[in-house]
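Examining the three-dimensional arrangement
So the chains spell out like this:
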Amino acid sequence: MKIMRLVVAGAPGSGKSTFVRTISEVEVIETERSATDHTSLLKKKTTVAFDYGRFTFGSSLEMQIYGTPGQSRFNFMWDYLIKNAQSYIVLVAAHRPNDFHYARHIISYMNQRVGIPMIIGLTHTDCPGVCSTEEIMTKLGYMNQKNRPSVMNVNPNERGSIIEVLMACMTLVVERSGRNQYRRGGY
Ligand SMILES: Nc1nc2c(ncn2[C@@H]2O[C@H](COP(=O)(O)OP(=O)(O)OP(=O)(O)O)[C@@H](O)[C@H]2O)c(=O)[nH]1
Ligand SMILES: [Mg+2]
């Protein structure tokens, strides 16, 4: 069985812990504590280390899924988790434009450390006040339609929606390893 490690990053309240909890086939390891700062205006609890869950595609692939803490004061965990991942997803709450700048910071932080496939997952697209995908991508710094990462809507409360994103990540990782093998003369 192959193992793929996937990191789920994003601002507080974007849905990372919900994502891991909804999809995991094993009991999730969570490190949520009472939120004390401005995050407490958004929600009662926040992740302080990581969430861990697992999902298997048949008998061939096990995805180990790590949710990061949203708050940057815990970014030593972002560092540790991303350096051990093959792919990552950045969740962006599409109805919170004030968080887009922070999401951009997270993407830049990750890109400075790794060069692995990533997907932007737009959450809360069922909520009032949703921004368009184009507006979000522009605010995330992707002005040009070319060279943009993949962007998908995802509802972290729905397994089917998460599975679509996991399959997209898996495809990107497989394509990339195929390209690397080709460069090394593996075919
Ligand atoms: N309606 C709706 N609710 C969502 C969606 N995504 C997440 N939520 C809700 O938003 C809240 C997000 O909370 P968490 O999953 O704890 O967020 P988090 O990203 O882990 O936050 P931190 O650990 O604080 O960084 C939960 O109540 C989810 O049910 C979505 O797409 N639609
Ligand atoms: Mg969390």
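- Where an unreviewed UniProt entry is consulted, the protein chain appears under the name Putative GTPase, with the organism given as Allocoleopsis franciscana PCC 7113.
- Quoted verbatim from the Sequence similarities (unreviewed entry) field of the UniProt record, the comment on the protein chain reads "Belongs to the GPN-loop GTPase family."

1. Looking at the coordination of the magnesium ion (ligand 2)
- Protein-derived coordination of the magnesium ion (ligand 2) comes from Ser-17 (OG) and Thr-47 (OG1), at a distance range of 2.0 to 2.1 Å. In this pair, Ser-17 sits in helix H1 (residues 16–23) while Thr-47 sits in strand E3 (residues 45–47), placing the two residues 30 residues apart along the sequence.
- On the basis of relative accessibility, which here comes to 10%, the residue Ser-17 falls in the buried class.
- Assessed through its relative accessible area of 5%, Thr-47 is described here as buried.

2. What to know about the pairing of strand E1 (residues 2–10)
- Sheet analysis places E1 next to strand E5 (residues 61–67), joined by seven bridges and oriented parallel. Along E5, the bridge assignment pairs Arg-5 with Gln-64.
- By the bridge criterion, five bridges tie E1 to strand E6 (residues 87–93) in an arrangement that is parallel. Opposite Leu-6, over in E6, you have Ser-87 as the bridge partner.

3. Focus on the pattern of salt bridges
- Here the structure, examined in full by the defined rule, presents eight salt bridges.
- Between Arg-21 and Glu-30 there is a salt bridge, and its shortest N-O distance comes to 2.5 Å.
- Judged by relative accessible area, which is 41%, Arg-21 ranks as partly exposed.
- With a relative accessible area of 34%, Glu-30 lands in the partly exposed category.
- Put simply, Arg-21, Glu-30 and Glu-32 are held in one network by salt bridges that share partners.

4. Regarding the site of ligand 1
- Neighbouring ligand 1 are 21 residues; Lys-16, Thr-18, Lys-43, Thr-46 and His-124 lie closest to it.
- Thr-18 places a side-chain nitrogen or oxygen 2.4 Å from an oxygen atom of ligand 1.
- Taken by itself ligand 1 offers 660 Å² of open surface, and the protein chains cover 81% of this.
- Elements represented by at least two residues in the shell around ligand 1 include exactly H1 and E3.
- For the shell around ligand 1, the element with the most residues is H1, which contributes three residues.
- Residue classes in the shell around ligand 1 are distributed as five nonpolar, twelve polar and four charged.

How each quantity is defined
Within every chain, residues take consecutive numbers counted from 1 along the sequence as written. Chain letters and ligand numbers both follow the written order, the letters beginning at A and the numbers at 1. Thresholds applied to this predicted model are a pLDDT of at least 70 for local features of residues and 80 or more for the giving and counting of side-chain atom pairs; totals over whole chains, interfaces and linings are not thresholded and use all residues. Note that the side-chain values use all heavy atoms of the structure and ignore hydrogens as well as water. UniProt positions are given in the numbering used here, feature names are shortened, and annotations may be inferred rather than shown by experiment. Water is not part of the atom set, so a site may look incomplete; the donors themselves are N, O and S atoms within 2.8 Å of the metal, or 3.2 Å for Na, K and Ca. Strands are runs of DSSP state E lasting at least 2 residues, helices are runs of H or I lasting at least 4, and numbering of each runs from the N terminus. When accessible area is computed with a 1.4 Å probe and restricted to protein chains, residues below 20% of their type maximum are described as buried, those above 50% as exposed, and intermediate ones as partly exposed. Here, any two strands with at least 2 DSSP bridges between them count as paired. Salt bridges, as used here, are contacts in which a Lys or Arg side-chain nitrogen is within 4 Å of a carboxyl oxygen on Asp or Glu. Residues are classed as near a molecule or strand on a simple rule: at least one heavy atom within 4 Å of it. Whenever a nitrogen or oxygen atom comes within 3.5 Å of another N or O atom, the pair is scored as a polar contact, on the condition that within protein one atom can donate a hydrogen and the other can accept it, and that pairs from neighbouring residues in sequence are kept only if both atoms are in side chains. For accessible areas, the Shrake-Rupley method is used with a probe of radius 1.4 Å. Any residue's cover is judged against the shown protein chains and nothing else. The residue classification treats Ala, Val, Leu, Ile, Met, Phe, Trp, Tyr, Cys and Pro as nonpolar and Asp, Glu, Lys and Arg as charged. All others, Gly included, are polar.

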